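# A look at the structure
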Amino acid sequence: MKEKILRASFWVIVVAIGFIIVDIMKGQKIDIFITVTAALIMGLVDIIFSMVGDIIKKKK
């Protein structure tokens, strides 16, 4: 479980940095709400997919 949380945290940070870079490249001000929301959603998606993958592996 620790590895899943660590990997999800990595994806949260990567997505947040990506959104910030895109905002800077577009010349817009950084929208913290959208950045945080997208990053947290990506973290949740990563955790959900890894849990489903583990369930599928255990059934085999």
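Described in the following lines is the structure provided in the data block. Because the structure is a prediction, the values reported are computed rather than measured. (Residues numbered from 1 in each chain as written. Predicted model: local features only at pLDDT ≥ 70, side-chain atom pairs only at ≥ 80, totals over all residues. Heavy atoms only, no water.)

Before going further, it helps to examine the overall build of the protein chain. Across its full length, the protein chain holds 2 helices and 0 strands. The C-alpha atoms of the protein chain give a radius of gyration of 15 Å, which is well past the 10 Å a tight globule of 60 residues would have. Seen through its C-alpha atoms, the protein chain measures out along the principal axes to roughly 50 × 15 × 15 Å. In the protein chain, which comprises 60 residues, the proportion classed as buried is 17%. A fraction of 57% describes how many contacts in the protein chain between residues 6 or more apart in sequence connect residues 24 or more apart. (Helix = DSSP H or I, 4+ residues; strand = E, 2+ residues; numbered from the N terminus. Rg over C-alpha atoms; globule rule 2.2 N^0.38 Å. Buried < 20%, exposed > 50% of the residue type's maximum accessible area, 1.4 Å probe, protein only. Contact = heavy atoms within 4.5 Å.)

Attention now goes to the packing of aromatic side chains. Evaluated as defined, the whole model comprises 1 aromatic pair. Plain terms: the ring middles of Phe10 and Trp11 are 5.6 Å apart, the flat faces sit at 65 degrees to each other, and that makes the pair edge-to-face. (Phe/Tyr/Trp six-rings, centres within 6.5 Å; stacked < 30°, edge-to-face > 60°.)

Pairing of side chains with opposite charge becomes possible as their charged atoms draw close. For the structure on display, the rule yields 2 salt bridges. Among the salt bridges present, the one from Asp54 reaches Lys4, with a minimum N-O distance of 2.5 Å. With Asp54 in helix α2 (residues 32-59) and Lys4 in helix α1 (residues 2-26), the pair connects residues that are 50 residues apart, well separated along the chain. You can call Asp54 partly exposed: its relative accessible area is 26%. Here Asp46 ties to Arg7 by a salt bridge, and the two come within 3.4 Å at their closest N and O atoms. Of this pair, Asp46 sits in helix α2 while Arg7 sits in helix α1; the two residues are 39 residues apart in sequence, bridging distant segments of the chain. A relative accessible area of 38% places Arg7 in the partly exposed class. (Salt bridge = Lys/Arg side-chain N within 4 Å of Asp/Glu carboxyl O.)

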